[in-house]
Amino acid sequence: MSAPAVVIAASNLMPSLRERLADDGQLVVFPDTEPIQALQAILEHRPSLIVLERLFAATPRGAALINRIKNDPQLGHAEVRVMSHSGDYLRVVSKPSGSAPPPAAAPAPEPPPRPLDWHGTRRAPRHRIRPGVEIQLDGNPAQVVDLSQVGAQVISQTILRPNQKVRVSVPNDDFVMRFRGSIAWAKFELPDPGAPPRYRAGIEFADADARAVEAYCLKNKAN
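What comes next concerns the included structure. Positions within a chain are numbered from 1, following the residues in the order the chain's sequence is written. Given that this is a predicted model, residues contribute local features only at a pLDDT of at least 70 and side-chain atom pairs are listed and counted only at 80 or more, while totals for whole chains, interfaces and linings are drawn from all residues. Where side-chain values are given, they derive from all heavy atoms of the structure, hydrogens and water being excluded.

## Considerations on the overall build of the protein
The condition that has to hold: Only DSSP runs of H or I covering at least 4 residues are called helices, and only runs of E covering at least 2 are called strands; the numbering of each starts at the N terminus. Buried residues are those whose accessible area, probed at 1.4 Å on protein chains only, stays under 20% of the maximum for their type, while exposed residues exceed 50% and partly exposed ones sit between those limits. A 1.4 Å probe and the Shrake-Rupley method give the accessible areas. Residues count as covered only by the protein chains that appear here.
Looking only at helices and strands, one finds 5 helices and 12 strands in the protein. The buried share among the 223 residues of the protein stands at 40%. About 12,600 Å² of surface is accessible on the protein, with carbon and sulfur atoms providing 52% of the total.

## Brief notes about helix α2 (residues 35-45)
Applied cut-off: As used here, the arc is the angular range of directions from the helix axis to the C-beta atoms. Whether two residues are in contact is decided by their heavy atoms, any of which lying within 4.5 Å being enough.
Residues P35, A38, L39, A41 and I42 constitute the buried set of α2. One face of α2 carries all of its buried residues, which in axial projection span an arc of 160°. Seen from the buried face of α2, the exposed residues on the opposite side, beyond 90 degrees, are Q40 and E44. Buried positions along α2 lie against β1 (5-9), β2 (27-31), β3 (49-53), α3 (54-57) and α4 (60-70). Remark: R46 follows α2 within two positions and exhibits a positive phi of approximately 50°.

## Considerations on the side chain of S84
Checked against the element boundaries, S84 lands in the loop between β4 (79-83) and β5 (90-92). Classification of S84 by relative accessible area gives buried; the value is 9%. Setting aside chain neighbours within four positions, we find S84 in contact with L17, R20, E53, R54 and Y89.

## What about the packing of α2 against α4?
Cut-off, in case you're wondering: Here, axes are lines fitted to C-alpha atoms. For helices the fit covers the stretch in contact, and angles between N-to-C directions go from 0 to 180 degrees. Throughout this description, any angle smaller than 35 degrees is read as roughly parallel, any larger than 145 degrees as roughly antiparallel, any in the 65 to 115 degree range as roughly perpendicular, and the remainder as oblique. Each helix crossing is assigned a hand: it is left-handed if the near helix lies turned anticlockwise from the far helix by less than a right angle, otherwise right-handed if that turn is clockwise. Residue classes follow a fixed rule: Ala, Val, Leu, Ile, Met, Phe, Trp, Tyr, Cys and Pro count as nonpolar, while Asp, Glu, Lys and Arg count as charged, and any other residue, Gly among them, counts as polar.
Across the interface, α2 lies against α4 with an axial gap of 11 Å and an inter-helix angle of 15°. It follows from the interaxial angle that α2 and α4 lie roughly parallel. Between α2 and α4 lies a crossing of right-handed hand. Across the interface between the two elements, P35, L39, I42 and L43 from α2 touch R61, L65, R68 and I69 from α4. Residues that form the contact of α2 with α4 fall into these classes: 6 nonpolar, no polar and 2 charged.

Have a look at this one:
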């Protein structure tokens, strides 16, 4: 017996979407506020059909979930549909083409920093920071990926949103640098199974001491 189809939609849109899927057999439904639980069920049961309501699919979390599914070789058999709760809209998500996936390899290293990031917010050269270096954003830890006098790229388990104002704390030997910052861009990521969801974000510093930040960069940059 095949695994039940997995359906993800806003709770108030789920009844009408279920009506559209009445001919698709047993359904396991998840509200759009629980994409991680839905992904766990998908990875465990490997259903042949996965349905995302159109509005959820258009969100950063929906897009991240779709990318996670379609790039997983173990889910290559699954059909991923994006459907509207009303009307006739239906789109089947295409999978990457090619032959059988190659054997698993060690994770690729982080790419070197670009002269400008893809959001156009990088205004000064950034230093790739060694693994394990963290700063605090509003008291929550964030891993530093790269850092400059005017900004940083970080990875955080805490929700970060564009234009969000944050208090930045940078531990530095016997004192802590503190200044204000603003989230220039942010995206939600679903790493490999077993790893928690996270946010990758670019921060613009508002009133940081440029010399002190540059000294910190040089002290903690990757080899």
